[in-house]
Amino acid sequence: MPVYRSALLRFADDGRALYDEDGLLAIGPDAQGRQRVLAAGAWQALSHQYAHEPVTHLPGRILAPGFVDMHIHFPQTDVIGSPADGLLPWLENYTFPHESRFVASDYSAQVAEFFVAELLRHGVTTALAFATSHPASVDALFTEGQRQHMRLITGKVLQDRHSPDGVRDDTEQSLIDTEALIQRWHGVDRLGYVITPRFAPTSTHEQLRGAGELAARYPDVWIQSHVAENRDEIRWARELFPAARSYLGVYDDFGLMRERAVYAHCIHFDDDDRALMRDTGAVAAVSPTSNLFLGSGFFDYASADRVGFGYGLASDVGGGTSFSPFHTMLAAYYVGREGQTKQGLSLSPQQLWWQHTAGAAKALGLAGVVGNLQPGCEADFVVLNPRATPLLERKTCQARSLDELLFALIVLGDDRVVEQTVISQAKYGPSA
Ligand code: GUN
Ligand code: ZN
């Protein structure tokens, strides 16, 4: 049974960070053979229970929950850094042409291998990811996620109109493919399926209706899409669905708002939209580097909290500019500052970290499963080196509080801080 001695970061149920400078993390298999946290807390209080176990001592390091990325596009790994006037030209000129390459299984497999390795290198251990409209891309990503024992949720993109040849799918076949992929992958090992209409403008009414029917038939499957990201996109959606109360209302009209429904961006909302999110249990994937890069706008944290709907952080690569949770948390901080000038809000480092770990897990319906290091959680964690660069060393040595330490890591950190990513390895299969 692995027992670690190191500084240890985890979260209470209310989102407060719990930090033991000299901590203990004990890990062991559950009845299914999956590695879980058995004990987590102060070394002094817990070590006598493990007196006969070998201990991995990591002085100067911090053990922290693996990060949870609530929205990322695996086929946009190579689209990062493609400049455009805004979302729609970016999709047309860079993203759709690139995504058409994922019709090929070997290309999909090669990118999937790089993508999963990149997530792990950055400390991301759970991801909700878009594939492309090609079933081969979904098979490729699930296969790689399974090989790496990752908790990975993905799905075939549905887009049967206003999309070029090469990515546009056929309405009926797209729904048949989606159901077959659900049956093939959902719940296998640590994998989950997500029904994935790209966004309302690229789906017909029939396709959205079919997606909603599948969402009702498979209630523990996730749903993901984009909403209210960009003003031109919103205008287009309103023209195409004039009967809907709002852009978000389109998804509601087709049965696509429920728990486990994750909508990226959610920037240009009114309070009725926010109340709809709250009342249906749908959540937002806040993607600040993408929103800044594409000039989409600023997520309104204060209004989200006032009305009370769930959200967490996401990279949104390749609209987003980085796989690094540190970069995403810093961008979220800037966005919170923008809100602060208007509404007196500022995000604390503990809140930012929670939004990318336990908070994101909660938003995905995975509270107590991942994103934390409390007893019972699956043992996905990172080993952080707060002295990974000369400036980090200088700065973190001067931290007088947990907030100062976490803030230094958020502002100065990146993949160099992530010394190891440990995935809850389980022995799967009937003999486990
Ligand atoms: N809206 C529809 N498709 C996309 C996409 O791939 N990225 C972003 N950021 N927004 C979208
Ligand atoms: Zn996206």
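Above: the structure in question.
The structure contained in this document is the topic of the report that follows. Given the structure is predicted, the values throughout are model-derived calculations rather than measurements. Note on numbering: residues in each chain are counted from 1, in written sequence order. To label them, take the chains in the order written and letter them from A, then take the ligands in the order written and number them from 1. Since the coordinates come from a predicted model, pLDDT governs what is reported: local features require at least 70, and pairs of side-chain atoms require 80 or more to be given and counted, while whole-chain, interface and lining totals use all residues. For the side-chain quantities, the full set of heavy atoms in the structure was used; hydrogens and water were omitted.

Bringing the packing of helix H3 (residues 105-121) against helix H4 (residues 135-147) into the picture now. The axes used here are C-alpha line fits, helices contributing only the stretch in contact, and every angle between their N-to-C directions lies in the interval 0 to 180 degrees. In DSSP terms, a helix is any run of H or I states spanning at least four residues, a strand is any run of E spanning at least two, and both are numbered starting from the N terminus. In contact at an axis separation of 8 Å, H3 and H4 are set at 40 degrees when each is read in the N-to-C sense. By the angle between their directions, the pair H3 and H4 is classed as oblique. The way H3 lies across H4 gives a crossing that is right-handed. Side by side, H3 and H4 meet where Ser105, Ser108, Ala109, Ala112, Glu113, Phe115 and Val116 of the first sit next to Ala136, Ser137, Ala140, Leu141, Glu144, Gly145 and Arg147 of the second. Considered class by class, the residues forming the contact of H3 with H4 number 7 nonpolar, 4 polar and 3 charged. Throughout, the term roughly parallel applies to angles under 35 degrees, roughly antiparallel to angles over 145, roughly perpendicular to angles from 65 to 115, and oblique to all others. In this scheme, a crossing is called left-handed if the near helix is turned counterclockwise away from the far one by less than a right angle; it is called right-handed if the turn is clockwise. Contact between two residues is taken to exist if any of their heavy atoms lie within 4.5 Å; hydrogens are not considered. Under the grouping applied here, Gly and all other residues not named as nonpolar or charged are polar, the nonpolar ones being Ala, Val, Leu, Ile, Met, Phe, Trp, Tyr, Cys and Pro and the charged ones Asp, Glu, Lys and Arg.

A separate point is the sheet that holds strand E4 (residues 55-65). DSSP bridges decide pairing: two strands pair if at least two such bridges lie between them. Here we have 6 strands laid out as an open sheet, ordered E3-E2-E1-E4-E14-E15, and mixed in their pairing. At either margin of the open sheet sits one strand with a lone partner, and together these are strand E3 (35-42) and strand E15 (418-422). Across the sheet, the mean angle from the axis of one strand to that of its neighbour is 40 degrees, orientation sign disregarded. Pairing geometry for strand E1 (residues 3-11) and strand E2 (residues 17-29), over 8 bridges, is antiparallel. Following the sheet pairing, leucine 9 is matched in E2 by tyrosine 19. The sheet contacts of helix H16 (residues 402-412) involve E1, E2 and E4, and relative to E2 the element is tilted by about 70 degrees.

A few words now on the coordination of the zinc ion (ligand 2). Only His71 (NE2), His73 (NE2), His226 (NE2) and Asp316 (OD) from the protein coordinate the zinc ion (ligand 2), and they sit 2.0 to 2.4 Å from it. Shown as donors are all N, O and S atoms within 2.8 Å of a metal ion, widened to 3.2 Å for Na, K and Ca; because water is not in the atom set, sites may appear incomplete. Sites are called tetrahedral only when four donors show all angles between 85 and 135 degrees, square planar or octahedral only when four or six donors show opposite pairs over 155 degrees and all other angles between 65 and 115, and irregular in any remaining case. Seen from the zinc ion (ligand 2), its 4 donor atoms lie at angles of 90 to 165 degrees, and the figure they make is irregular. Here the donor residues of the zinc ion (ligand 2) share one chain and are spaced in sequence as H-x1-H-x152-H-x89-D. Of this pair, histidine 73 sits in strand E5 (residues 67-73) while aspartate 316 sits in the loop between strand E13 (310-313) and helix H12 (325-343); the two residues are 243 residues apart in sequence, bridging distant segments of the chain. The residues histidine 73 and aspartate 316 share a single accessibility class, namely buried. Note on classification: 1.4 Å probe, protein chains only; a residue is buried when its accessible area is under 20% of the maximum for its type, exposed when over 50%, partly exposed between these limits.

Let us now look at the site of ligand 1. A cutoff of 4 Å decides nearness: a residue is near a molecule or strand if any of its heavy atoms lies inside that distance of it. Near ligand 1 the following residues occur: His73, Gln76, Leu87, Trp90, Leu91, Arg198, Phe199, His226, Glu229, His265 and Asp316. Each polar contact in these results corresponds to two N or O atoms within 3.5 Å; when the atoms are within protein, one needs to be able to donate a hydrogen and the other to accept it, and residues that are neighboring in sequence are counted only if both atoms are side-chain atoms. At 2.7 Å from a nitrogen atom of ligand 1 is found a side-chain nitrogen or oxygen belonging to glutamate 229. Computed by Shrake-Rupley with a 1.4 Å probe, the accessible areas treat only the displayed protein chains as cover when residues are assessed. If ligand 1 stood free it would expose 280 Å²; the protein chains cover 100% of that surface. When residues of the shell around ligand 1 are assigned to their parent elements, the largest contribution, 3 residues, is made by helix H2 (residues 87-99). Partitioned by chemical class, the residues of the shell around ligand 1 number 4 nonpolar, 4 polar and 3 charged.

This next bit is on H2. The periodicity of an α-helix, 3.6 residues per turn, causes residues three or four positions apart to be oriented the same way. A helix is expected to span 1.5 Å multiplied by its residue count minus one. Here H2 is 13 residues long, yet its end C-alpha atoms lie only 15 Å apart, well below the 18 Å a rise of 1.5 Å per residue gives. Across the chain, bend at a residue is computed as the angle between axes fitted to the seven residues ending at that point and the seven starting from it. Its maximal kink placed at asparagine 93, H2 deviates by approximately 30 degrees, while the proline proline 97 follows within four residues. Along H2, the residues classified as buried are Leu87, Trp90, Leu91, Thr95, Phe96, His98 and Glu99. Each element contacted by the buried residues of H2 is listed here: E5, H3 and helix H7 (231-240).

Note on soluble globular proteins: their nonpolar side chains tend to be buried together. Joining through side-chain atoms within 4.5 Å is the link that ties buried Ala, Val, Leu, Ile, Met, Phe, Trp, Tyr and Cys residues into a set, and such a set is a nonpolar core. Tyr251, Tyr263 and Trp353 are the most contacted members of the largest nonpolar core, which has 102 residues in total. Of all the elements, H3 adds the most residues to this core, at 7 residues. In this structure tryptophan 353 touches Leu9, Phe11, Phe67, Phe326, Met329, Leu384, Leu406, Leu409 and Ile410, once residues within four positions along its chain are discounted. Listed in part, the 17 residues of the second largest apolar core include Leu128, Val194, Trp222 and Leu366.

Moving on to the pairing of strand E14 (residues 381-384). What you see with E14 is no split at all: Phe381 and Val383 on one side and Val382 and Leu384 on the other are buried throughout. Both E4 and E14 contribute to a ladder of 4 bridges, which runs antiparallel. From the neighbouring strand, proline 65 faces E14, where its bridge partner is phenylalanine 381.

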